[in-house]
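Overview (structure and organization)
Okay, here's what each chain looks like letter by letter:
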Amino acid sequence: MNVNLPRKKDGCTDTLSLQPGCSAVVIGANGAGKTRFTSAIVEQLGEKAFRISALDGLYERRKTASADFSLRSRCDSGIIASLERTGTSPNGLEILLAQLMHEEMLNLIGYKLRLANGGEGKLKRTKLDKVIELWQDIFPDNKVLIDSGKILFARGIDPDIYSALKLSDGEKTVLYYAGAILYAPEGAVIFVDSPEMFLHPTLTASLWNRLERLRHDCAFCYTTHDPEFASSRNGAPVIWVRDWNSESQAWDYDIMPSQDGIAPDLYMSLVGARKPVLFIEGDSQRSIDARLYPLIFPDYTVRSLGSCNKVIEATRTFNGLASFHRLDSLGIVDRDRRDNQEVEYLRGKRILVPEVAEIENMFLIEEVIRTMATINGTDPDRAVAKVKHTVTALFNAELRQQALQHTRHYMKKMVERRVDGRFPDIGTLEKHVSGLLDELNPRGTYENLCREFHRYVDSNDYRGILRVYNQKSTLSGCNVAQLCGYNNKDKYINGVISILGSKRPESAVLRKAFREALGISDS
């Protein structure tokens, strides 16, 4: 069926198709209005809507506007009244188990009456049979037992038998969902609030895959703030609710487009954060990038993507969808051995490239050394002078090797660019490739780089050396840690990051130095 989505702030509405066997996801940050958004759809569908939630299943009944379209509306009123006579308001799971057992007993009585009257001697497959089958499929070591009109549970070879009250919240949730969806009307849209609640992440996706197959005659619509779950609904339309206005009863939302070039779960987690996005290299747990850049860019959601190519592609894709999510995004990649032309190209694509060769060189910036030496009571002028002298000497000692590595990078890039073209036949390609050596002139490039690097050394151009010197051992080899009052380079890095994350006035000095190295001026 087609449903009209709630009114947008601009007065327009979208239409969503919710066909049997299909699903949709409503996602948004806490407080964005996604639950009200879903409630508006539920009210529109009336009795074709069926709403369930683990909160209703495990706790007492919540007073919701959609209560008439829930499990309770499909259960025997006498059973609910009997449970309520105990003086408490029964939760959804208690009602469900009582209803399942009631139908099971009616089925057994009907079976016995048919036998007594000479009729067909076959028990019908009940909802409880389906629940038990699914339960034991998900928890193969557990058993469901029927004894004296009660549904009981046992685990493995453990002789203890216990009621549903002794199950964990996750087990109760699985039991509730498995039974509750069986009471949805045929062809209904089953609305699920927070489908990941109480469930282990490794179980959630597979459980809902099974439940969707169990009710393939229905459509499913999930309301969640969990991007991992949203991305698990492969092919399902995702409605991103950004905000709502209580006075106009209108929402700011969109149906999310395809995210080619960026993983769906990453995309949704970023737009859900509602902050500018910064993509960086490295590992989110161990890399220096992941520890440093969030402190330099505190107003950004920082995501580590591993390689520089992933950063470049993600930044390009995310900015290409800016008209949809309305978020600013940047990327940062190490300069490595990129030439000025390549650096300017990346910067034009909103990818920052620092004025140092690699992340370790950020800790060798003069202002950073001076600040850390002052904090620890060592002589900042002496520290800076000695570090500069040592770094220059180390660079000079391997100048030709560094020039060779830069030449290799340049040649690789240029060969890929020259060969990445269309050729009418193999002969044309052979002719083109045969002339590449003279055209590229690797020896000439190498000699030019050697001359350039010698100028940095001869003129004591420390910034120029940091810009081209790719050698991770430099940070430990130049003795900067000891000159600034630390035992080793790791403690020096930790010290810089600690100050940067503090409220000390020096943190602003460090942040300014790092941002300037990234080509950002705060003036």
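Since the model is a prediction, treat every value here as computed from it, not as a measurement.

Let's talk about the sheet that holds strand S12 (residues 277-280)
Each strand in a sheet pairs with its neighbour through backbone hydrogen bonds, running either in the same direction (parallel) or in the opposite one (antiparallel). Taking strand neighbours across the sheet as the criterion, the four strands line up as S13-S12-S14-S15 in an open arrangement whose pairing is parallel. In this open sheet, the two edge strands, each paired with only one partner strand, are strand S13 (301-304) and strand S15 (351-352). Bridge count between S12 and strand S14 (residues 329-332): four bridges; the pairing is parallel. Within S14, the position partnered with Phe279 by the bridge is Gly331. On the sheet, helix H10 (residues 288-296) packs against S12, S13 and S14 and is oriented at approximately 155° with respect to S12.

Things to note about the sheet that holds strand S7 (residues 161-162)
Across the sheet, which stays open at both edges, the three strands sit in the order S5-S6-S7 with antiparallel pairing between neighbours. Strands with a single pairing partner mark the edges of an open sheet, and in this sheet they are strand S5 (142-147) and S7. When S5 meets strand S6 (residues 150-155), the two strands line up antiparallel, connected through six bridges. Its bridge partner being in S6, Lys143 is matched across the sheet by Ala154.

A closer look at the side chain of Arg338
You can see Arg338 is positioned in the loop between S14 and helix H13 (340-348). The buried category is assigned to Arg338, whose relative accessible area is 10%. A distance of 2.5 Å separates a polar side-chain atom of Arg338 from the backbone oxygen of Asp334. Sequence-distant contacts of Arg338, defined by excluding residues within four places in its chain, comprise Cys308, Ile312, Val333, Val343, Leu346 and His409.

Examining the layout of surface pockets
In this model, the largest pocket occupies a volume close to 650 Å³. Within the residue set of the lining of the largest pocket, elements represented by two or more residues are helix H11 (308-320), H13 and helix H16 (399-419). Here the lining of the largest pocket is built from residues that sort into four nonpolar, four polar and 10 charged. In this structure, the second largest pocket is lined by 20 residues; those nearest its centre are Glu94, Leu97, Ser163, Ala164 and Leu165. Counting only elements with at least two residues in the lining of the second largest pocket, the list comes to helix H3 (77-84), helix H4 (92-116), S6 and helix H6 (169-180).

With respect to the environment of Pro294
In this structure, Pro294 sits in helix H10. With relative accessibility at 30%, the residue Pro294 sits in the partly exposed group. As a C-alpha pair, Pro294 and Leu278 span 16 residues in sequence and 8.7 Å in three-dimensional space. With near-sequence residues (within four places) excluded, Pro294 lies in contact with Asp289 and Val302.

Parameters and conventions
- Residues numbered from 1 in each chain as written.
- Predicted model: local features only at pLDDT ≥ 70, side-chain atom pairs only at ≥ 80, totals over all residues.
- Heavy atoms only, no water.
- Pairing = 2+ DSSP bridges.
- Helix = DSSP H or I, 4+ residues; strand = E, 2+ residues; numbered from the N terminus.
- Contact = heavy atoms within 4.5 Å.
- Axes fitted to C-alpha atoms, helices over the stretch in contact; angles between N-to-C directions.
- Buried < 20%, exposed > 50% of the residue type's maximum accessible area, 1.4 Å probe, protein only.
- Polar contact = N/O pair within 3.5 Å; in protein donor to acceptor, adjacent residues only side chain to side chain.
- 1 Å grid on protein atoms, 1.4 Å probe; cavity = no way out; pocket = protein on both sides within 12 Å on 5 of 7 lines; lining within 4 Å.
- Points joined across faces, edges and corners; volume = space filled by probe spheres on them.
- Nonpolar A, V, L, I, M, F, W, Y, C, P; charged D, E, K, R; others polar.

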